[in-house]
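# Observations on the three-dimensional arrangement
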Amino acid sequence: MTFRSDFLFTSQPSGIVAGGPVNRIRFRRIAVGLLLLFLAAFPGELGELTRNLAIDAYLQVSVFVAATLFAIYGSEKLFRFDLGRFMRNATKFEVPIAALLGALPGCGGAVAVVAAYTAGNVRFGSLVAALTATMGDAAFVLIAVRPDAAAIVLPLSLGVGIVTGFVINALFDRRSTKAASQKFQAAERIGGPRARDMAFLAVAAPGLLFGILQLLQVEIAGPLAALPTVIGLAGVAMAVAAWAASPIDAMTNKDDPPSTRTCEETSFITIWVICAFLAYDYSVEFLGLDFEAAFGLIAPFVPLVAVLAGFIPGCGPQILVTALYISGTIPFAAIIGNAISNDGDALFPAIALNPRAAISATLVSAIPALIVAYGFFFLAPGFMN
């Protein structure tokens, strides 16, 4: 096994010309990374708040994301099989299987169903089931910080996805006939494992231990008291550097090693979580905004806004919605509506593979999302708040 020694900067992946999209993305990412560094190093309350929030984001969310992704991708490598062919042969169970894949934290399972639909291996209802059941990367945040809420949201989204998928297949029993390979190119393979991947996991391992101790409210005293802060800052710095130098947008190639995929995707999620934490706390501390009072004034429309936010492609907006729920700003009705309506990063390849099906599936998922969200809003307004 050989390690690539590059840590911060990587060469251009094959097929991408210098000055192309990857370079522009990297330039913006480096600018964001430098801004975060500047804010963290700023003296006084601003710097202290930024450092504390970044450490919390890493120890409360990122380390659990890394552990989950490494377990999932490691299992995929160990038990590799042809998912598309398996789903095509499992006709009676394709909807539950698609929903289960969608319900997996992250977007990999939903993306796999999108590709299976475009290749003609599953029906439209299965696509809807996966996109309805998925919560994307926001699921990692909810699991790490509010596991009690996640224990309700994820199974409920799964159940809604299965029911919706069966209904859609009963009404529209059709498959796509377009080959996925003709319309969509997977992320460039990075290769590896690289030195940065192993270093990232080496920091994440003790970070996971400290994260668990925080959840158990175990206080670390004596000479080791500063270790969580040191590990947290090191983990954040490595995540920012890995994200800024990443040759991909968000999703990794399934052929990359589990360590590489974990480093890349955890770093992507870490940045969004830090930005969501900072956006909320900065607004409260320095702008004096009272989100709870503001949302209280438009309370009947909050679930609707959360459902509409789910239409936005990508996981960033959904992570922000989850952060608002965790902070107590929006009710459970809003987070469950967003969880059902949002498609996470899976919407990007869905649009590339089959835009008509992607838009149709997204709009269809809004119906059960609104029904469930307003059901909780009116019938159980204080549930899980």
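Along each chain, numbering runs from 1 in the same order as the chain's sequence is written. Given that the model is predicted, a residue must reach a pLDDT of at least 70 before its local features are reported, and side-chain atom pairs must reach 80 or more before they are shown or counted; all residues, however, enter totals for whole chains, interfaces and linings. The side-chain figures draw on all heavy atoms in the structure; neither hydrogens nor water molecules are used.

### Considering empty space enclosed by the protein
- For each structure, a 1 Å grid was placed over the protein atoms alone; sets of points admitting a 1.4 Å probe that cannot get out are labelled cavities, open sets with protein on both sides within 12 Å along at least five of seven lines are labelled pockets, and lining residues have an atom within 4 Å of a point. Grid points are joined across faces, edges and corners, and a volume is the space filled by probe spheres set on the points. If you walk through the whole model with that rule in mind, you get two cavities of 30 Å³ or more.
- Taken together, 10 residues make up the lining of the second largest cavity; nearest its centre are Arg 29, Ser 246, Ile 248, Glu 264 and Phe 268.
- Think of it this way: any DSSP run of H or I at least four residues long counts as a helix, any run of E at least two long counts as a strand, and we number them from the N terminus. Elements represented by at least two residues in the lining of the second largest cavity include exactly α11 (227-245) and α12 (258-286).
- The element that contributes the greatest number of residues to the lining of the second largest cavity is α12, accounting for three residues.
- Within the lining of the second largest cavity, the residues separate by chemical class into five nonpolar, two polar and three charged. Asp, Glu, Lys and Arg are counted as charged, while Ala, Val, Leu, Ile, Met, Phe, Trp, Tyr, Cys and Pro are counted as nonpolar; the rest, among them Gly, fall into the polar class.

### Some words on the environment of Gln 318
- With respect to the helices, strands and loops of the structure, Gln 318 is situated in helix α15 (residues 316-326).
- Given a relative accessible area of 1%, Gln 318 falls into the buried group.
- It is 8.7 Å that separates the C-alpha atoms of Gln 318 and Ala 306, two residues lying 12 residues apart in sequence.
- Contacts were defined at the residue level, with two residues in contact if any of their heavy atoms lie within 4.5 Å. If we skip the residues at most four places from it in the chain, Gln 318 touches Ala 138, Ala 309, Gly 310, Ile 312, Asn 338 and Asn 342.
- In the analysis that follows, any N or O atom pair within 3.5 Å is treated as a polar contact, provided that within protein one partner can donate a hydrogen and the other can accept it, and provided that, for residues neighboring in sequence, both atoms belong to side chains. Within the structure, Gln 318 has its side chain in polar contact with the backbone oxygen of Ile 312 (distance 3.1 Å). Classification of residues uses two cut-offs on accessible area relative to the type maximum, computed with a 1.4 Å probe and protein chains only: under 20% is buried, over 50% is exposed, and between them is partly exposed.

### Some thoughts on helix α16 (residues 332-341)
- Counting buried positions along α16 gives 10 out of 10 residues, so the element sits mostly inside the fold.
- Considered for burial, the residues of α16 that qualify are Phe 332, Ala 333, Ala 334, Ile 335, Ile 336, Gly 337, Asn 338, Ala 339, Ile 340 and Ser 341.
- In this structure, the buried side of α16 is in contact with α6 (124-133), α8 (147-171), α14 (302-309), α15 and α18 (355-379).

### Some details on the packing of α12 against α15
- At a minimum axis distance of 9 Å, the contact between α12 and α15 shows a crossing angle of 45 degrees. By the angle between their axes, α12 is oblique relative to α15. You can see that α12 and α15 cross each other, and the crossing is right-handed. Across the interface between the two elements, Ile 269, Trp 272, Val 273, Ala 276 and Tyr 280 from α12 touch Gly 316, Ile 319, Leu 320, Ala 323 and Leu 324 from α15.
- Its residues assigned to classes, the contact of α12 with α15 shows nine nonpolar, one polar and no charged. Angles here are taken between N-to-C directions and fall from 0 to 180 degrees, while the axes themselves are lines fitted to C-alpha atoms, restricted in helices to the stretch in contact. The labels follow the angle: roughly parallel below 35 degrees, roughly antiparallel above 145, roughly perpendicular from 65 to 115, and oblique for the rest. Crossing handedness is read from the near helix: turned anticlockwise from the far helix by less than a right angle, it gives a left-handed crossing, and turned clockwise, a right-handed one.

### Section: the layout of surface pockets
- Counted as a void, the second largest pocket has a volume near 410 Å³.
- Forming the boundary of the second largest pocket are 20 residues, of which Gly 33, Leu 36, Leu 37, Ala 237 and Val 240 lie nearest the centre.
- Elements with a minimum of two residues in the lining of the second largest pocket: α1 (21-41), α2 (45-78), α11 and α12.
- The element contributing the most residues to the lining of the second largest pocket is α11, with seven residues.

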